[in-house]
Amino acid sequence: MIKINYEGKLFVPELNTENGEVDDHTLFEYHQEGRILYADYYGGDVIKGHLIGTVFDDNSMDFVYHHLNNQNQLRVGTCHSIPVMLESGKLELHETWQWLNGDGSKGSSILREK
């Protein structure tokens, strides 16, 4: 298995369930230090957001995220992300997530490396 380093990678959402707040106008800027993963994200309905978590040996990630949306609401959630290597050499992140505030609903999304 090839070890993925997420440092400096940029991702944009390709798909998201309706209860999500990110869309194709949201940009994620990933960073990695060892097993620590973190990112800033913004755009679309998200004014400013952050995530922090862990990268596992199989390159999957678990993280928590929070952001301020265009309605000035603070949203918080948790996510499990599985990378898929595309033929182009770019990554897709297949994600399952859940809001930890608001309605507590679950969703799924796919982010594609820019």
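Residues numbered from 1 in each chain as written. Predicted model: local features only at pLDDT ≥ 70, side-chain atom pairs only at ≥ 80, totals over all residues. Heavy atoms only, no water.

Visitor: Break down the nonpolar core for me, citing the residues and quoting the values.
Guide: In this structure, Tyr6 and Tyr30 are the most contacted members of the largest nonpolar core, which totals 21 residues. Mapped by element, the contributors of at least two residues to this core are β2 (27–33), β3 (36–43), β4 (46–55), β5 (61–69) and β7 (91–99). The biggest single contributor to this core is β7, with four residues. Not counting the four nearest positions on each side in its chain, Tyr6 is found in contact with Phe11, Tyr30, His31, Gln32, Leu37, Val55, Asn59, Met61, Pro83, Leu91 and Leu93. (Core = buried A, V, L, I, M, F, W, Y, C linked by side-chain atoms within 4.5 Å. Buried < 20%, exposed > 50% of the residue type's maximum accessible area, 1.4 Å probe, protein only. Helix = DSSP H or I, 4+ residues; strand = E, 2+ residues; numbered from the N terminus. Contact = heavy atoms within 4.5 Å.)

Visitor: Give a description of the sheet that holds strand β8 (residues 106–113) that names residues and reports values.
Guide: Reading around the circumference, β1-β2-β3-β4-β5-β6-β7-β8 is the order of the eight strands in this closed barrel, with antiparallel pairing throughout. Geometrically, the sheet is characterised by an average inter-axis angle of 30 degrees between neighbouring strands, direction not taken into account. As paired strands, strand β1 (residues 10–16) and β2 are joined by two bridges and run antiparallel to one another. When the sheet's bridge partners are listed, Phe11 is paired in β2 with Phe28. (Pairing = 2+ DSSP bridges. Axes fitted to C-alpha atoms, helices over the stretch in contact; angles between N-to-C directions.)

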